[in-house]
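Coordinate analysis (summary)
Spelled out, the chains give:
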Amino acid sequence: YLEERVKMCKNACIKSISNYRYAYPYVYFDPGRGELRRGFLLPLEKEGEVVLVATVMKTDLGNYIVKTVLEPYMALEQARRVSTIEVDWMSKLL
């Protein structure tokens, strides 16, 4: 189960390299630091369909980590808080 999720994350990262709009901007409140932090939503696909969305954040060391994994409808709700939806994979979920 975990290996499948890791593979989906790797595939999504590869897609985002060739299509910068694949990773959608995301803002969240970090209670530990008491500030807003930026990250992005990364769709995890299985057989060409978005099944989960990873929230990816940049650490203080410059690395990226998956903070949590959301259901697609939850990711849409979070994305609407930041801006209008204009990314292909997200528009398809509507």
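Residues numbered from 1 in each chain as written. Predicted model: local features only at pLDDT ≥ 70, side-chain atom pairs only at ≥ 80, totals over all residues. Heavy atoms only, no water.

**Quick word on the overall build of the chain**
Applied cut-off: Helix and strand definitions here come from DSSP, where helices need a minimum of 4 consecutive H or I residues and strands a minimum of 2 consecutive E residues; each element is numbered from the N-terminal end. Each residue is placed in one exposure class: buried if its accessible area under a 1.4 Å probe, protein chains only, is under 20% of its type's maximum, exposed if it is over 50%, and partly exposed if it falls in between. By the convention used here, residues are in contact when the closest approach between their heavy atoms is within 4.5 Å. Only the protein chains shown count as cover for residues, and all accessible areas are computed by the Shrake-Rupley method using a 1.4 Å probe.
Along its length, the chain carries three helices and four strands. Ordered by position from the N terminus, the helices and strands of the chain form the series α-β-β-β-β-α-α. Burial status across the chain gives 33% buried among its 94 residues. Counting only contacts in the chain whose residues sit at least 6 apart along the sequence, the fraction spanning at least 24 positions is 33%. Surface summary for the chain: the accessible area is close to 6,600 Å², and the carbon and sulfur share equals 53%.

**Some remarks on the environment of Leu 44**
Secondary-structure assignment places Leu 44 in strand β2 (residues 35-46). Taking C-alpha positions, Leu 44 is 8.0 Å from Asn 11, a pair spaced 33 residues apart along the chain. Not counting residues within four places of it along the chain, the set of residues in contact with Leu 44 comprises Met 8, Cys 9, Ala 12, Glu 49, Val 50, Val 51, Leu 52, Val 53, Ala 54 and Val 69.

**Considerations on helix α1 (residues 2-18)**
Our working definition: In this scheme, a helix's expected span is set at 1.5 Å multiplied by one less than its residue total. Directions are taken from the helix axis to each C-beta atom, and the arc is the one they span.
With 17 residues, α1 ought to run about 24 Å at 1.5 Å a step, and its terminal C-alpha atoms sit 25 Å apart, in line with that. Regarding α1, the residues found buried are Met 8, Cys 9, Ala 12 and Ser 16. Burial along α1 is one-sided: seen end-on, the buried residues are contained in an arc of 100°. Structural note: α1 exposes Glu 3, Lys 7, Lys 10, Ile 14, Ile 17 and Ser 18 on the side pointing more than 90 degrees away from its buried face. Summarising the contacts, the buried residues of α1 are in contact with β2, β3 (49-58) and β4 (64-70).

**Focus: the packing of aromatic side chains**
Short version of the rule: When two rings of Phe, Tyr or Trp (its six-membered ring) have centres within 6.5 Å they constitute a pair, described as stacked for plane angles under 30 degrees, edge-to-face for angles over 60, and tilted for the intermediate range.
Enumeration over the complete set of coordinates arrives at one aromatic pair. With a centroid separation of 5.9 Å and an interplanar angle of 55°, the aromatic rings of Phe 40 and Tyr 64 are classed as tilted. One end of the pair, Phe 40, is in strand β2; the other, Tyr 64, is in strand β4, with 24 residues separating them in the sequence. When its relative accessible area of 21% is taken as the criterion, Phe 40 is described as partly exposed. On the accessibility criterion, Tyr 64 (51% relative accessible area) is exposed.

**Digging into the sheet that holds β3**
The condition that has to hold: Here, any two strands with at least 2 DSSP bridges between them count as paired. Axes, fitted as lines to C-alpha atoms, cover a helix only where it is in contact. Angles between the N-to-C directions of the axes lie from 0 to 180 degrees.
One open sheet holds the four strands; their spatial order is β1-β2-β3-β4, and the pairing between them is antiparallel. Edge positions in the sheet fall to β1 (24-30) and β4, since each of these pairs with one other strand and no more. Neighbour-to-neighbour, the strand axes of the sheet open up by a mean angle of 40°, direction not taken into account. Bridge analysis of β1 against β2 gives seven bridges, and the strand direction is antiparallel. Directly across from Phe 29, in β2, lies its bridge partner Leu 36. Against the sheet, α1 makes contact with β2, β3 and β4, and its axis sits at roughly 105° relative to β2, the strand it touches most.

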